[in-house]
Structure formats: structure tokens, C-alpha cells
Amino acid sequence: MKIASNRICDIERFAYAELEGIYPQEEIRGFLRLLFEEYLGWDLTTWLLSKQKTINQSDLLKINFAIKDLKRHRPIQHILGKANFRGMSLAVNENVLIPRPETEGIVELAKDKCRSPKRILDLCTGSGCIALALAKFFPDAEITAVDISEKALGVARQNAWNQGVGIKFMQADILSDDLAELPLFDLIVSNPPYVREQEKADMQPNVLDYEPHLALFVPDNDPLLFYRRIVQIARKHLVPNGLLIVEINENLGEETAAIISTNGFEISLHNDFKGKTRFVVGKNS
Ligand code: GLN
């Protein structure tokens, strides 16, 4: 199908025709809003008042490409090159997980449970979203963020620069590298990979085909390998009474909590905004 004209109402008709059955109507409307905002600089009101306006050929081409990409399940955040996290517009690409709204819960928990931490460590930082949000909330904290992927760290560094925030970035494989040089921290946070290979069947192509599997998946026979390691690191590098806050697989809440509590942490489980078991907070003894 082709777009009938350069008129906004025809572009909209085209978008709904191309994308219906793949996304709900409301989501298609949301995409259009973001595309008009990005490519035309229009807010919602301008869009609603401009249905009969025409746009130039170059903008039309961009919107056409974006709709074709959406049809191939490419995430809108990749098309726009950015995602929102706690009010920040962060650069994202195929090398980092797109920040999920539920992950904001880690930041909320840190705000609730931590009094002005001096040093914070973020393991598996990806786009840097958690570290950056914590840097905004605790401006006096010294923050270290670790990731295995140099490409991910490139994105995180760019985000820190754009947000005007100083974070110490470090490349390391937390599973095998010796992190002995790290100092003591008041707070350690992490959203490590936790989706089991067997759970792939329930996932959408926009995630499976475009997001880094390195950041998502863990083996079926050892799904909690990251938490075992994180808890060891936390034992060594948290001050007494320091806090560990991790995002977890909602289907493995009890098992993950058990790993953390048997290592001497006083733990609590917390839900995300969808009511799913999503976080463990552990207080060091
Ligand atoms: N919650 C993410 C998803 O379902 C996974 C995040 C993670 O593995 N840390 O896509």
C-alpha cells in the first residue's frame, strides 16, 4: 500500500492500515504522536489542528520509513534513537536494553530506603538509566557503573554526558572478572539478565529480534547465576547496613530472595506497578 497524499489525514489512514493487527489502535496513535513530534516538531494540539495540512516530501519519506520499520516490529525507541526513563530522554540502540518502565521501581526503592548514600554501584548498567536516575536524585553520590559490553558503555557514557552527570564507567564481566579493586558502597543496584531461554516463546518479536540477547537471557539450567555473583560482590563491597536492590524475574521471586537471604541479608520482596514480584531489597548485616 502507498500513502494517498502528503496530507496528515492520509498519512494517518496509511499508518492504521499498515499497522492494524500488529499493534492496538491506541499504540498506533501513540506512535503517530511521537513521529509527528520528532519529525515535524508538533505537539498533540498542533497535530489535532493540522489534519488537512500537507508536509514536505522529505518528512513524508521519514514517516513512511518509520511506519515500514514499525511493521517489521522495530521498536519505536530504536527508530527515534531514544527512550524515556524517569523524565530523561536517553539514547538507545541495539546494544542496550530499552529501559523498561518497571525498572523505575529500583530508583523508587532507593529513594525510599536509602539516606544520602555516598557511594553507589550499578552492575549491568546497559544504557545507564538506573545510574543516571540515581545520580539525579543523589547529586552528591559518587556512582560507579559496570557493564560487560563496551558498546553499551558507549551509549551509557553518551547519556551521562547529555544529562550533565558524572559517572565512573567500568568494563567488566561480573561473572568472571575480579572486581577486588572496587571500594565499599552504601548502595548496590542491578538489573541483570534474568529471562530464561524457555521464556522466549512468550516474548514479542520487537524484543526478540531487536534487543541484545546478552542483556536478556540466562540458561534454563542456571537462571540465577547473576544473582549468586551479585550477592558475593555485595558481601564484599557493601558497608554494614548497606543496601542491595535488584530487579528479578517475576517467576523466580522466592528462589532469588533465598539466594540473597542465605548470604546474610535481611530481605524484602517488592512488586512492580503491574503487581508482579519484581524487586528484592537486601540489607547487609
Ligand atoms: N523485563 C525485561 C523483559 O521482559 C527483561 C529485563 C532483564 O532481563 N533484566 O524484556
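Residues numbered from 1 in each chain as written. Predicted model: local features only at pLDDT ≥ 70, side-chain atom pairs only at ≥ 80, totals over all residues. Heavy atoms only, no water.

**Student:** When you look at the overall build of the chain in this model, what are you seeing that I'm missing?
**Tutor:** When you go through the chain residue by residue, the secondary structure sums to 12 helices and 11 strands. Over its C-alpha atoms, taken along the principal directions, the chain stretches across nearly 65 × 40 × 30 Å. Expressed as a percentage of the 285 residues in the chain, the buried residues total 51%. For the chain, the share of sequence-separated contacts (at least 6 apart) that also reach a separation of at least 24 residues comes to 64%. With the model as given, the accessible surface of the chain reaches about 13700 Å², and the carbon-plus-sulfur share is 48%. (Helix = DSSP H or I, 4+ residues; strand = E, 2+ residues; numbered from the N terminus. Buried < 20%, exposed > 50% of the residue type's maximum accessible area, 1.4 Å probe, protein only. Contact = heavy atoms within 4.5 Å. Areas by Shrake-Rupley, 256 points an atom, 1.4 Å probe, with all protein chains shown as cover.)

**Student:** Can you help me understand the sheet that holds strand S11 (residues 277–283) in this one?
**Tutor:** Strand order in this open sheet of 7 strands is S5-S4-S3-S6-S9-S11-S10, and the pairing throughout is mixed. Of all the strands in the sheet, just strand S5 (168–171) and strand S10 (266–271) have a single pairing partner and so form its edges. Each adjacent strand pair in this sheet contributes to an overall mean axis angle of 15 degrees, direction not counted. As paired elements, S10 and S11 share 6 bridges and run antiparallel to each other. Within S11, the residue paired with Glu-266 across the bridge is Lys-283. Those strands touched by helix H7 (residues 129–137) are strand S3 (119–123), strand S4 (142–147) and strand S6 (185–190), and its axis lies near 175 degrees from that of S4. (Pairing = 2+ DSSP bridges. Axes fitted to C-alpha atoms, helices over the stretch in contact; angles between N-to-C directions.)

**Student:** Teacher, can you tell me more about the site of the ligand here?
**Tutor:** Leu-97, Arg-100, Asn-191, Pro-192, Pro-193, Tyr-194, Val-195, Ala-215 and Leu-216 make up every residue found near the ligand. A distance of 2.7 Å separates a nitrogen atom of the ligand from a polar side-chain atom of Asn-191. In the model, a nitrogen atom of the ligand is placed 2.9 Å from a nitrogen or oxygen of the Tyr-194 side chain. In isolation the ligand exposes 300 Å². Once the protein is present, 86% of that is buried. Classifying every residue of the shell around the ligand gives 7 nonpolar, 1 polar and 1 charged. (Near = heavy atom within 4 Å. Polar contact = N/O pair within 3.5 Å; in protein donor to acceptor, adjacent residues only side chain to side chain. Nonpolar A, V, L, I, M, F, W, Y, C, P; charged D, E, K, R; others polar.)

**Student:** Mind showing me how you'd approach the side chain of Arg-278 here?
**Tutor:** Looking at the element boundaries, Arg-278 is found in strand S11. The contact partners of Arg-278, leaving out residues within four places of it in the chain, are Glu-102, Tyr-194, Val-246, Glu-247, Ile-248, Asn-249, Glu-250, His-270, Asn-271 and Asp-272.

**Student:** Sorry, what's going on with helix H2 (residues 25–40) here?
**Tutor:** Spacing of three or four residues puts side chains on the same side of an α-helix, whose turn is 3.6 residues. Under the 1.5 Å per step criterion, the end-to-end length of H2 is 22 Å for 16 residues, consistent within 8% with the ideal 22 Å. In this structure, the buried residues of H2 make contact with helix H1 (8–19), helix H3 (44–48), helix H4 (57–71) and helix H5 (76–80). Following H2 by one or two positions, Gly-41 adopts a phi angle in the positive range, close to 70 degrees. (Expected span 1.5 Å × (residues − 1).)

**Student:** How should I be thinking about the packing of helix H6 (residues 104–113) against H7 in this particular structure?
**Tutor:** A pair of packed helices is captured by two measures, namely the crossing angle of their axes and the spacing between those axes. Where H6 meets H7, the axes come as close as 10 Å, and the angle between the chain directions of the two elements is 30 degrees. Between H6 and H7, the angle falls in the class roughly parallel. Note on packing geometry: the crossing formed by H6 with H7 is right-handed. Contacts between H6 and H7 involve Ile-106, Val-107, Ala-110 and Lys-111 from the former and Ile-130, Ala-133, Leu-134 and Phe-137 from the latter. Of the residues that constitute the contact of H6 with H7, the class distribution is 7 nonpolar, no polar and 1 charged. (Parallel < 35°, antiparallel > 145°, perpendicular 65-115°, else oblique. Left-handed = near helix turned anticlockwise from the far one by under 90°.)

By themselves, these are just geometric observations and shouldn't be taken as functional.
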